[in-house]
Amino acid sequence: MSAANAWTVPAVREALEAKKLSARELTAEFYSRIERKNPELNAVLALSPERAYAQADRIDKLRARNEKLPPLAGVPVAIKDVISTRGIRTTCGSRILENYVPPYDATAVEKLESAGAVILGKTNCDEFAMGSSNENSAYGPVRNPVATDRVPGGSSGGSAAAVAAGLAVAALGTDTGGSIRQPGAFCGIPAMMPTYGRVSRYGLIAFASSLDRIGPFATTVRDAAAVLSVIEGHDTNDSTSAAVPASDYFEEMEKPIRGMRIGIPVEYFGEGMDPEVRAKIEAGIELMKQIGCQPVELRMPHTEYAIATYYIVATAEASSNLARFDGVRYGLRVHAGSLREMYKKTRGRGFGAEVKRRIMLGTYALSSGYYDAYYLRAQKVRTLIARDFILAFEKVDAIVTPTSPTTAFRLGERTMNPLAMYLADIYTVTGSLAGIPGISVPCGTTSDGLPVGLQIFGPRFAESRVLQLAHAFEKANGFLI
Amino acid sequence: MKISRDDVLYVAELANLELNESEVETFRGQLDAILTYIDKLKQLDVSDVEPMAQVLQSAASPDGALREDVVRKCDVADAILEQAPEAKKPYFRVPKVIER
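Remember, predicted model here, so these are calculated numbers, not experimental data. Each chain carries its own residue numbering, running from 1 in the direction its sequence is written. Lettering for chains starts from A, numbering for ligands starts from 1, and both go in the order in which the items are written. Only residues with pLDDT of at least 70 are given local features in this predicted model, and only at 80 or more are side-chain atom pairs given and counted; all residues enter the totals for whole chains, interfaces and linings. The basis for every side-chain value is the complete set of non-hydrogen atoms in the structure, without hydrogens or water.

This part takes up helix α16 (residues 463–475) of chain A. Residue and element names in this part refer to chain A. Working definition: helices are DSSP H or I runs of at least four residues, strands are E runs of at least two. Numbering for both runs from the N terminus. Expected helix span is computed as 1.5 Å times (number of residues minus one). Under the 1.5 Å per step criterion, the end-to-end length of α16 is 18 Å for 13 residues, consistent within 8% with the ideal 18 Å. Three exposure classes are used, based on accessible area relative to the maximum for each residue type with a 1.4 Å probe and protein chains only: buried under 20%, partly exposed in between, and exposed over 50%. Most of α16 is tucked away, with eleven of its 13 residues classed as buried. Just downstream of α16 lies Asn477, where phi reads positive at about 65°.

Written as structure tokens, this is what we have:
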């Protein structure tokens, strides 16, 4: 792990407690890193120094009085720009919200701040979280800190790049079809999608409501768990948030994994996978075997239908959710003589190509005469995909797969062919549709130095088991395979 | 061909999206390719399958009850109106929609 990543949640705590530095000094250090590195990476879109220093000063006051520090005291974090932050510009990577400043905080943000975290600013992302490369941001692409001619992945590319480059100790991203896990894999850091409903979506600007989840990026599995344990929990402001108690991840993570059955679905090792990625994942599975896991070959027959299902369900929901951007209440307005014309011109100018394409696809799938053939059918296939997982988890404790069939690709390499870009989401969209938790952890690098991500899925609400396996893999040096 | 130029124009109208000429042509081709791929779903017999309309069945309240509907203070009207492209408190302003 590079020096840029030396700060972790425990390291921050230790430094603050030992009075080696103040929260204000640490905040200033991270802002100077952003100032130095962000011009090249474009990972951060907006900074919130007033709010960050006010929070740092609160933490420093607690330290001065020798009071107990909250769990993320002084930890510098960044927030994906689709998550609302009171008083901090929130654009969703879109021109249509170029000057939007939310009047309230998302629950996850409020919880982070209550736990002592210092919010540095907002991270770049694909427009409305639609994309797998971060090239769909209206504010320019993000560059992968591992190799700056490469994409960081998407849609939470800015959050992944910021953490991987040491511009934040942790970050929040959102995952609808792989948007946390895939950029985590491309940038070489742990990245977790919790169970649907585990983290409140209140204040998350919706893309696809039945799929969207907020989750953490960090440099260690422990840090990802530290952030998750703060942001999770039932919230009366989100009717889909779950009242399922979480376990103590730190305690669970240390439990032995010996005898755990890990499912290896054959469908995730078919054609289209880069041979070097395959070799690393196979080495990763071998390592898990050495530390006591028992691999079990699985069949998940509906995997091949996941992309088609996902791109109907997600775009249908998006077409409905994004109807609110009409130039009336917030954001851009293009003036026109009639209301209808104002809507059309505002949306025509405010949205980028990928967002328009998905609104079109979703509107088509929901339109009269096509609803049954597309949307309803996709919802039924979604049941079959979820059932594949339910049946699998009767036989195994967790499922291990690659996160992405390739490593980070070059900027511009896939922008001309949207379908090819969609197809590369094959290993992540399944878990999104099924509502289950998944983590991507680093699993070595290929010969050209690009990170490979290994994905671990668990049953719904079994975050502790996913983290336990990921942590054991990390301890056994799996990240460096 | 699954999608014609007229389909694109019709859907854009439904979605309140103004598209320029080159977008109409590009989207026609791209949506055609995507929908052709999505036809894969027709290979499956789903006649006896329930659609997954909810991810978690009443996750928030297993007994199916919603939270109590109580009035809570929500003092953000001014802050919200400040974000509007055009407003006259306490209203948003839009082009005239009803003719006298």
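There is more to say, and it comes next.
Attention now moves to the packing of helix α7 (residues 221–231) of chain A against α16(A). Angle between the axes and distance between the axes: these two values describe a pair of packed helices. Residue and element names in this part refer to chain A. To define axes, lines are fitted to C-alpha atoms, for helices over the stretch in contact only, and angles between the resulting N-to-C directions are given on a 0 to 180 degree scale. Where α7 meets α16, the axes come as close as 9 Å, and the angle between the chain directions of the two elements is 155°. One finds that α7 runs roughly antiparallel with respect to α16. Within the contact between the two elements, α7 uses Val221, Arg222, Ala225 and Leu228 and α16 uses Glu463, Leu467, Ala470, His471 and Glu474. Each residue receives one of three labels: charged for Asp, Glu, Lys and Arg, nonpolar for Ala, Val, Leu, Ile, Met, Phe, Trp, Tyr, Cys and Pro, and polar for the others, Gly being one of them. Its residues assigned to classes, the contact of α7 with α16 comprises five nonpolar, one polar and three charged. Angles are sorted into four bins: roughly parallel if under 35 degrees, roughly antiparallel if over 145, roughly perpendicular if 65 to 115, and oblique for all others. Any pair of residues with heavy atoms lying within 4.5 Å of one another is described as a contacting pair.

With that out of the way, let us pick up the environment of A:Ala308. Mapping A:Ala308 onto the fold places it in helix α10 (residues 306–321). Taking C-alpha positions, A:Ala308 is 29 Å from A:Pro295, a pair spaced 13 residues apart along the chain. Discounting chain neighbours no more than four positions away, the residues touching A:Ala308 are B:Tyr37, B:Ile38 and B:Leu41.

Residue and element names in this part refer to chain A. Contact geometry for helix α13 (residues 372–395) and helix α15 (residues 426–434): axes closest at 8 Å, N-to-C directions at 95°. Looking at the two axes, α13 sits roughly perpendicular to α15. Contacts between α13 and α15 involve Arg382, Ile385, Ala386 and Phe389 from the first element and Thr430, Gly431, Ser432, Leu433 and Ala434 from the second. Residues belonging to the contact of α13 with α15 are distributed by class as follows: five nonpolar, three polar and one charged.

All names here are of chain A. Boundaries between domains were set according to an automatic or database domain assignment. Domains assigned within chain A are domain 1 (9–252), domain 2 (255–298 + 389–480) and domain 3 (308–372). On a C-alpha basis, the centroid separation for the pair domain 1 and domain 2 is 23 Å. Contacts between domain 1 and domain 2 engage 45 residues on the former and 46 residues on the latter. Two parts placed together each lose some accessible area; with a 1.4 Å probe, that loss summed over both constitutes the buried area. Summing the contributions of domain 1 and of domain 2, the shared interface buries around 3600 Å²; its carbon and sulfur component is 61%. Interface area lost by domain 1 to domain 2 is led by Arg150, Val221 and Glu252, which between them contribute 19%. Salt bridge criterion: a side-chain nitrogen from Lys or Arg within 4 Å of a carboxyl oxygen from Asp or Glu. Counting across the interface, domain 1 meets domain 2 through three salt bridges. With a shortest N-O distance of 3.1 Å, Glu252 and Lys255 are connected by a salt bridge. Within 3.5 Å is the distance limit for a polar contact, defined as a pair of N or O atoms, with the added protein rule that one can donate a hydrogen and the other accept it, and that residues adjacent in sequence qualify only through two side-chain atoms. Here domain 1 is connected to domain 2 by 25 residue pairs in polar contact (both at pLDDT 80 or more). Residue assignment for the side of domain 1 that touches domain 2 shows that the elements contributing at least two residues are α6 (181–187), β5 (191–193), α7 and α8 (249–253). With five residues, α6 is the single largest residue contributor to the side of domain 1 that touches domain 2. A per-class count over the side of domain 1 that touches domain 2 returns 21 nonpolar, 13 polar and eleven charged.

Residue and element names in this part refer to chain A. Here Gly272 shows up in the loop between β7 (261–265) and α9 (275–290). Since its relative accessible area comes to 59%, Gly272 is described here as exposed. Between the alpha carbons of Gly272 and Asn42 there is a distance of 30 Å; along the sequence they are 230 residues apart.

Let us now look at the interface of chain A and chain B. In this assembly, 71 residues from chain A lie in contact with 50 residues from chain B. Here chain A and chain B share six salt bridges between them. Its salt-bridge partner being A:Arg333, residue B:Glu86 comes within 3.0 Å of it at the nearest N-O pair. Connecting chain A to chain B are 21 residue pairs in polar contact (both at pLDDT 80 or more). In terms of residues, the side of chain A that touches chain B owes the most to one element, α13(A), which gives eleven residues.

Our next topic: the pattern of salt bridges. Residues and elements named next belong to chain A. Throughout the structure, instances matching the rule amount to 37 salt bridges over all chains. Between Arg13 and Glu17 there is a salt bridge; the shortest N-O distance is 3.4 Å. Linking Arg13 with Glu17, this pair stays in helix α1 (residues 9–17), spanning four residues, or about one helical turn. Overall, the relative accessible area of 49% leaves Glu17 in the partly exposed class. The structure contains a network of salt bridges with shared partners spanning Arg51, Arg86, Asp105 and Glu113.

Here the focus is the nonpolar core. Residue and element names in this part refer to chain A. By nonpolar core we mean a set of buried residues, namely Ala, Val, Leu, Ile, Met, Phe, Trp, Tyr and Cys, connected to one another through side-chain atoms within 4.5 Å. Formed by 175 residues in total, the largest nonpolar core has its most connected members in Leu112, Phe128, Ile231, Phe389 and Ile456. Once you skip the residues sitting within four places of it in the chain, Ile456 turns out to touch Met288, Ala398, Ile399, Val400, Pro437, Gly438, Ile439, Val466, Leu469 and Ala470. Among the nonpolar cores identified, the runner-up in size contains five residues, and Val151, Ala408, Phe409 and Met421 belong to it.

This paragraph deals with the packing of aromatic side chains. Residue and element names in this part refer to chain A. Working definition: a ring pair exists when centres of Phe, Tyr or Trp rings (six-membered ring for Trp) sit within 6.5 Å. Plane angles under 30 degrees give stacked, over 60 give edge-to-face, the rest tilted. For the structure shown, the criterion picks out 17 aromatic pairs over all chains. The positively charged end of Arg89 is found above the aromatic ring belonging to Tyr139, 5.7 Å away from the centroid. Only when the NZ of Lys or the CZ of Arg is both within 6 Å of the ring centre and within 35 degrees of the ring normal is a charge said to sit over the ring. The ring of Phe409 is capped by Arg414, whose NZ or CZ atom sits 3.9 Å from the centre of that ring.

Residues and elements named next belong to chain A. Within strand β3 (residues 118–123), six of the six residues are buried, leaving the element largely enclosed by the surrounding structure. Bridge analysis of strand β1 (residues 44–47) against β3 gives three bridges, and the strand direction is antiparallel. Note that in β3 the partner of Val44 across the bridge is Thr123. As paired strands, strand β2 (residues 76–80) and β3 are joined by five bridges and run parallel to one another. When the bridges of β3 are listed, Ile79 appears paired with Lys122. With helix α4 (residues 107–114) bridging β2 and the parallel β3, this β-α-β connection has right-handed handedness. Here, a strand pair is defined by DSSP locating no fewer than two bridges between the strands. Place the viewer so that the strands point away; then a crossover is right-handed whenever the path from the first strand over the helix to the second strand goes clockwise.

A cluster of nonpolar residues, B:Val94, B:Val97 and B:Ile98, forms a patch on the protein surface that exposes about 280 Å² of accessible area. In this structure, B:Val94 sits in the segment after β2 (91–92). Patch membership is restricted to residues that have no salt bridge and whose relative accessible area is over 30%. Joining uses 9 Å for like charges and 5 Å for the nonpolar side chains Val, Leu, Ile, Met, Phe, Trp and Tyr. Throughout, the Shrake-Rupley method with a 1.4 Å probe supplies accessible areas, and for residues the shown protein chains are the sole cover considered.

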